[in-house]
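These are the residues of each chain, in order.
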Amino acid sequence: MRHIPLAIPNMSDAEATNLQKCITDNFVSSVGPFVTELETRIAALSGVKDGVAMGAGTQALHMALHALGIGRGDLVILPSFTFIASANAIAHSGAQPWLFDIEIDSWTLDPAQVAEALRSETTRDSDGTLRHTISGKRVAAIMPVYTLGTPADMDALGVLAKQYKLPIVADAAAAIGVTYKGVPIGRVANLTCYSFNGNKTITCGGGGMVVGDGEPAMRDIRHISTTARVSPNYDHDRVGYNYRMTNVQAAIGCAQTDRLEGFLATKQAIRERYDAAFSGLNSVTRFPSPHDRTSTYWFSGFVLGSRSKSLAAKICKQLNSKGIEARTFWKPVHLQVPYADAPTASQTVTDALWQRIVTLPCSTNLTEADQARVIKAVHETLIELDA
Ligand SMILES: *Cc1c(COP(=O)(O)O)cnc(C)c1O
């Protein structure tokens, strides 16, 4: 019985051709035409002017925060329900996450809870600095996470950002190519960060990118992520980072970008087939998909009813024994050892949700026959476990 993986890369001759070109032309390092091409194309499809390609999405987030002057003594507003990399990027910058809950119908940052906390738990210094009253730390930015490739409520967060003069750095790691109310997502945040990790919709093997319009931030991001080099004479004006993407990675990324539209259509079809197949079950519900924004449908699967806590893990184990890679989803940041001390708002939705999610195979190269096998196995497993 063949193993069906959860989310793997989808390579073709186009990626191989581009890679061969890197070898033939001897452009394998961080200088090369594919890097510039990928930056131009990803910026354009995000609706903004500029992009800086990095070695990872985490690095993109780190550089975005750094360029906005966020560092030691600062707090960054973040939903606890995210991949730990969002919090790690904040920690790498020297700051600390301030953890909030999510909305149940999008699994993204709850603007109402953030609004209430900003109103009742912050004060302003005479110079205008916004402070978290209890910790005395400066509240420096909002980092919404576009969970499953679906944007957060950017209208509501935009109002807060304006009112409190906070920049928005979006963790759009898995949200390449989506829109919010018809607007490409690069325009609804100050800086937007993508990941090209192997399990994302398009991959460079590994990689990331910051996109945005704002000068001097974008120029700064390019500078500090390229060792803050000011001349070829080993002259550097700041503590820099060696974070840039290589031409080899970008070669894969350019070929993947050509195929993005097809990948997005496939991801949506996979989601729709799972939703249709499980719609008759009253023990499970579907992943959210708000109507006013598009999504990459990065992962698909189902949510178990509220009474079933360790059941998701049991279902995954059973499916894995049938040759189907199924996994539970993110363990929230407030429950992770390195972030135990982070200021944390109540996590009613997150705490009730995270152990009830099962993610299922959803690679863009998943065949309909394989998906039918997954669906059959899920139905059998739910019966076997009396779920
Ligand atoms: C994948 C991911 C990241 C990290 O990207 P890397 O390229 O793995 O560093 C960050 N945030 C979220 C929400 C992700 O899904």
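That block above? That's the structure.
Presented here is a report on the structure given in the accompanying data block. This is a predicted model, so every value here is computed, not measured.

Calculation criteria
Residues numbered from 1 in each chain as written. Predicted model: local features only at pLDDT ≥ 70, side-chain atom pairs only at ≥ 80, totals over all residues. Heavy atoms only, no water. Helix = DSSP H or I, 4+ residues; strand = E, 2+ residues; numbered from the N terminus. Rg over C-alpha atoms; globule rule 2.2 N^0.38 Å. Buried < 20%, exposed > 50% of the residue type's maximum accessible area, 1.4 Å probe, protein only. Contact = heavy atoms within 4.5 Å. Areas by Shrake-Rupley, 256 points an atom, 1.4 Å probe, with all protein chains shown as cover. Lys, Arg positive; Asp, Glu negative; His and termini not counted. Charge placed at Lys NZ, Arg CZ, Asp CG, Glu CD. Near = heavy atom within 4 Å. Polar contact = N/O pair within 3.5 Å; in protein donor to acceptor, adjacent residues only side chain to side chain. Nonpolar A, V, L, I, M, F, W, Y, C, P; charged D, E, K, R; others polar. Pairing = 2+ DSSP bridges.

### With respect to the overall build of the protein chain
The helix and strand tally for the protein chain stands at 12 helices and 16 strands. In summary, the protein chain has a C-alpha radius of gyration of 21 Å against a globular reference of 21 Å for 387 residues, a match within 12%. Across its three principal axes, the protein chain shows a C-alpha extent of roughly 65 × 60 × 35 Å. Here the protein chain holds 387 residues, and the buried ones make up 55% of them. Sequence separation of at least 24 residues holds for 71% of the intrachain contacts in the protein chain that already meet a minimum separation of 6. For the protein chain, the accessible area works out to roughly 16400 Å², and carbon and sulfur atoms hold 53% of it. Of the side-chain charges in the protein chain, 36 are positive and 36 negative, and the distance between the mean point of each set is 3 Å.

### Considerations on the site of the ligand
Near the ligand there are 16 residues, and of these Gly57, Thr58, Asp171, Ser195 and Lys200 occur at the shortest range. Take Gly57: an N or O atom from its main chain is 2.8 Å from an oxygen atom of the ligand. Side-chain polar atom of Thr58 to an oxygen atom of the ligand: 2.5 Å apart, as the coordinates give it. When the ligand is considered free in solution it has 380 Å² of accessible area, and contact with the protein chains removes 91% of it. Looking at the shell around the ligand, the elements that each hand over two or more residues are helix H3 (57-67) and helix H4 (84-92). For the shell around the ligand, the residue count by class is 7 nonpolar, 7 polar and 2 charged.

### Thoughts on the pairing of strand E16 (residues 357-360)
Of the two faces of E16, the one holding Ile357 and Thr359 and the one holding Val358 and Leu360 are both buried throughout. In the sheet, strand E15 (residues 300-304) pairs with E16 via 4 bridges, with the strands oriented antiparallel. Residue pairing across strands places Phe302 opposite Val358, the latter belonging to E16.

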